[in-house]
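A closer look at the structure
These are the residues of each chain, in order.
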Amino acid sequence: MSMASHIPLALSILGTFANHYPLGSGSQKAPPPPPSIAPSAPPQNNTSTAVSSGPAHTSGPKPSANPNVPPPNTNSTLSTNPPTTNPVALCDTCQLRPKHFDGTKTHPYCSKTCANKKLLSNGNSNGSNSTTGASGNCNFCHNRPKYIDGTKTHDFCSKACAKSASGPQRKPTLGGGNNNNSKSVCQAPGCQNPPHSSGNDYCSMAHKTLGETLCLMCLLAPKMANSPFCSQTCIDDADSKGPMVLEVPFGHVTFKSAVAEQFKASWRHAGTTCPPVRRVYKILSPKASLAAYDAYRADVETRGHFVGTGRSAGNENRRWHGTRRVCNLGDKGQTQLCSSTNCSLCCIVRTSFDVGLWGKKTGWGRFGKGIYTSSTSSKSNDYSHNDCKSSLKAILLNKVVVGKGCKLLQDNTSLTSPPTGYDSVLAEKGGSLNYDELVVYDNDAIRPSFLVMYEP
């Protein structure tokens, strides 16, 4: 078939196309665009563009372009700020911790410690305040501040002092409890539960442990392992109040393990029975006095290097000393030092030992002009005398820097210092002595640590 035969057909098709789509002028509208091309949007306030590019309005949240997205939180900017504590809610004393809330009432203080500090400061600033007693101190021991439970100021600093004030001269009990007293409560601080039926003074073993290890200064928190106090705050408080004595609670670990047991174990006189210890007091020496003792001990340690051989610094030991008592210091409720220069007990508690007074009471010394102590409580008992009416005797337990001791068996009354190269004299049993003696010749080699009251 030739190409010419197709020409009429092609012309027919072109004619038909021309009739449907004629060539128009400029006024003819353009055909609509294909459906795949989106029509241009008219200029209007589109919500989504206003949120992303326009300024934020404070009158309310903008509606979201997506109906499934919730409106924004108008308070979201507040959550980015760090939380703050209302200063009104802080403790009135320390201004650091929040006030204590007991479930029904908000107290003005964070703890009993801060409450007692506030009471003590009020007592000192008000002078003779009839509602708080002398400086707000306990009516029994006269040393610690009275206890405040948040609503009431009690007459005593602790249950131990309240119990001592209301009872007779302390006697040891079998089990320690008082089961016949229906009003008795657990002796742990702040506990009002009745004591356990086993006869203890506490409602539980946990409270028994707490009561036996309380800080001797505040009687509120457990003491530290190597200190009778619970914190540096109580240590500083004790340093600032010396010289004074603090009664150790009867069931306290310091009473039993640290003092009474040593008194009993070192009672060695044959044919005698060790008397029971009734009261123990911790002696607080002035800060300057303790600093001088510490400096002397450090000097002895530097020379002798005792710590390296497993001993204590300066070869420090505890020794007994009996002396004369003119007043009733140490009896029930008697914690104030007297002013008599004849009361050797109060003079030692107040200013420690003075080698310058050597021979004033005894008239001589086997090992010269020194300060005498012994590891034997029954020997020191021979030097304990009362020039007052009392049912108890007093003896001192002291810390002594022994250092390098010179052992002697025979008297040497001419000594005014330890032999050359030594720090003390260790007079041993045998020879001229039936029981040991330790003699130091420097006032700073010894400090009183405990006052022990026992039956004659």
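Keep in mind that what you see is a predicted model, and the values were worked out from it rather than measured.

1. Description of the nonpolar core
Generally speaking, soluble globular proteins have nonpolar side chains that are buried together. Of all hydrophobic cores here, the largest spans 30 residues; its most connected members are Leu329, Leu345, Leu396 and Leu451. Mapped by element, the contributors of at least two residues to this core are strand S4 (277-284), helix H8 (287-304), helix H9 (344-351), strand S9 (393-401), strand S12 (437-440) and strand S13 (446-454). Those residues in contact with leucine 396, other than ones at most four positions away along the chain, are Ile283, Arg319, Trp320, His321, Leu345, Ile348, Phe353, Phe450 and Leu451. Ranked by size, the runner-up nonpolar core spans 26 residues in total, among them Cys215, Ala260, Ile395 and Tyr454.

2. Overview of the pattern of salt bridges
Enumeration over the complete set of coordinates arrives at 17 salt bridges. The shortest N-O distance in the salt bridge between aspartate 423 and arginine 303 comes to 2.4 Å. Taken as a pair, aspartate 423 in the loop between strand S10 (405-408) and strand S11 (424-427) and arginine 303 in helix H8 lie far apart in primary sequence, 120 residues in all. Exposure remark for arginine 303: the relative accessible area of 48% places this residue in the partly exposed category.

3. Looking at the pairing of S9
The buried fraction of S9 amounts to eight of the nine residues, a majority that puts the element mostly inside the structure. Relative to S13, S9 runs antiparallel, the two sharing eight bridges. Bridging across to S13, isoleucine 395 finds its partner in valine 452.

4. Focus on the pairing of S4
Counting buried residues in S4 gives eight out of eight residues, a clear majority hidden from the surface. With four bridges connecting them, strand S3 (residues 244-247) and S4 associate as antiparallel partners. Bridge pairing in S4 links leucine 246 to lysine 282. Pairing of S4 with S13 involves five bridges; the strand directions are antiparallel. Bridge pairing links tyrosine 281 to leucine 451 in S13.

5. Section: the environment of leucine 90
Mapping leucine 90 onto the fold places it in the loop between helix H2 (47-53) and helix H3 (112-126). For leucine 90, a relative accessible area of 15% corresponds to the buried category. Between the alpha carbons of leucine 90 and proline 108 there is a distance of 8.1 Å; along the sequence they are 18 residues apart.

Parameters at a glance
Residues numbered from 1 in each chain as written. Predicted model: local features only at pLDDT ≥ 70, side-chain atom pairs only at ≥ 80, totals over all residues. Heavy atoms only, no water. Core = buried A, V, L, I, M, F, W, Y, C linked by side-chain atoms within 4.5 Å. Buried < 20%, exposed > 50% of the residue type's maximum accessible area, 1.4 Å probe, protein only. Helix = DSSP H or I, 4+ residues; strand = E, 2+ residues; numbered from the N terminus. Contact = heavy atoms within 4.5 Å. Salt bridge = Lys/Arg side-chain N within 4 Å of Asp/Glu carboxyl O. Pairing = 2+ DSSP bridges.

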